[in-house]
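Spelled out from the first residue to the last, the chains are:
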Amino acid sequence: MILEGKNLSFAYDEKAGKIFSGVNLRVDSREHAAIMGPSGFGKTTLCKILAGYLEPDTGEVLLDGAPLPKKGYCPVQMIWQHPERAVNPRLRMKDTLADGQEMEERIIQALGIEEDWMNRYPQELSGGELQRFCIARALGKPTKFLIADEISTMLDMITQSQIWNFLLEETKKRGIGLVVVSHSEALLERIGVRRIFL
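Conventions we followed
Residues numbered from 1 in each chain as written. Predicted model: local features only at pLDDT ≥ 70, side-chain atom pairs only at ≥ 80, totals over all residues. Heavy atoms only, no water. Helix = DSSP H or I, 4+ residues; strand = E, 2+ residues; numbered from the N terminus. Buried < 20%, exposed > 50% of the residue type's maximum accessible area, 1.4 Å probe, protein only. Contact = heavy atoms within 4.5 Å. Areas by Shrake-Rupley, 256 points an atom, 1.4 Å probe, with all protein chains shown as cover. Lys, Arg positive; Asp, Glu negative; His and termini not counted. Charge placed at Lys NZ, Arg CZ, Asp CG, Glu CD. Axes fitted to C-alpha atoms, helices over the stretch in contact; angles between N-to-C directions. Parallel < 35°, antiparallel > 145°, perpendicular 65-115°, else oblique. Nonpolar A, V, L, I, M, F, W, Y, C, P; charged D, E, K, R; others polar. Phe/Tyr/Trp six-rings, centres within 6.5 Å; stacked < 30°, edge-to-face > 60°. UniProt positions renumbered as here; feature names shortened; annotations may be inferred. Pairing = 2+ DSSP bridges.

Caption draft 1: The overall build of the protein chain, seen in detail. Within the protein chain one finds six helices and nine strands. Principal axes of the C-alpha set define a box for the protein chain whose edges measure 50 × 35 × 30 Å. Going through the 198 residues of the protein chain one by one, you find that 49% of them count as buried. At a minimum sequence separation of 6, the contacts of the protein chain that also span at least 24 residues come to 73%. When the accessible surface of the protein chain is split by element, carbon and sulfur atoms take 48% of a total near 10,000 Å². Here the protein chain contributes 25 positive and 27 negative side-chain charges, whose respective centroids are spaced 3 Å apart.

See below:
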């Protein structure tokens, strides 16, 4: 399966001009790729476009030649840098997980999510615990690509290692493409990514 961005451009404010323009990329579901560029060059915005959260001003995003679905579960899932902003603070974590699609129990177990966390609210969990829920929610059976935007920056080294070990094994096992944004060269070397420069 192929994820493509064709001639993508985007501006939040027309007066300020385009954040990026004419961006083209192509990622195979059997590979890991990293979006590279200095701060302020629109990496997170590009991630949002690739996962269907934003519409580009020009260009299109295609999955195996077809546009991303406008409704229902998107097979391109994004994991955010700040998990507390990616969940509803009024929902218990079991209800947050219910937003996923055909989630396997083994995913929850492999991520070390404990049963008593399920009835807690987001503010009752640590950042690492909350990010585990966000990763699990993104790994429903229909998922074909994961967009990981600085997902471990705020986490301690042990949690970082656990999460990335799991993600590398899971994406390889299921043939899920992985698109990463990270400023950590050590992490990118470990993941073994192809660089895509903005």
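Caption draft 2: The arrangement of unusual backbone geometry in detail. For Asn-7, which is not a glycine, the phi torsion comes out positive at approximately 50°. Mapped onto the fold, Asn-7 is located in strand β1 (residues 2–10). Unlike most non-glycine residues, Glu-150 shows phi in positive territory, near 50°. With respect to the element layout, Glu-150 can be found in the loop between β7 (145–149) and α5 (157–174). Owing to a relative accessible area of 10%, Glu-150 belongs among the buried residues under this scheme.

Caption draft 3: View of the packing of helix α4 (residues 127–138) against α5. Here α4 crosses α5 at 10°, and the two axes come no closer than 11 Å. By the criterion of interaxial angle, the relationship of α4 to α5 is roughly parallel. Of the residues in α5, those in contact with Gly-128, Gln-131, Arg-132 and Ile-135 of α4 are Thr-159, Gln-162, Ile-163, Phe-166 and Leu-167. When grouped by side-chain class, the residues that make up the contact of α4 with α5 number four nonpolar, four polar and one charged.

Caption draft 4: Structural view of helix α1 (residues 43–50). Most of α1 sits out of view: six of its eight residues are buried. All buried positions along α1 are accounted for by Lys-43, Thr-45, Leu-46, Cys-47, Ile-49 and Leu-50. Gly-52, located one to two residues past α1, shows a positive phi value of around 85°.

Caption draft 5: Layout of the packing of aromatic side chains. Evaluation of the coordinates by the stated rule reveals three aromatic pairs. Relative to Trp-80, the ring of Tyr-53 has its centre 5.1 Å away and its plane inclined at 70°; by these criteria the two rings are edge-to-face. On the criterion of sequence distance, the pair formed by Tyr-53 in the loop between α1 and β4 (58–63) and Trp-80 in the loop between β6 (76–79) and α2 (93–97) is long-range, its members being 27 residues apart. Judged by its relative accessible area of 48%, Tyr-53 is partly exposed. Aromatic pair Trp-117 and Phe-133: ring centres 6.4 Å apart, planes at 45°, arrangement tilted. Within this pair, whereas Trp-117 is found in the loop between α3 (105–110) and α4, its partner Phe-133 is found in helix α4, the two being separated by 16 residues in sequence.

Caption draft 6: Spotlight on the UniProt feature "domain: ABC transporter" (unreviewed entry) in the protein chain. Per the UniProt record, the feature "domain: ABC transporter" (unreviewed entry) sits at residues 3–198. From the first C-alpha to the last, residues 3–198 spans 17 Å; its make-up is 29% helix and 24% strand.

Caption draft 7: Focus on the sheet that holds β1. Pairing is antiparallel across the open sheet formed by four strands, whose spatial order is β2-β1-β4-β5. The sheet is open, and its two edges are formed by β2 (20–28) and β5 (66–67), each paired on a single side.

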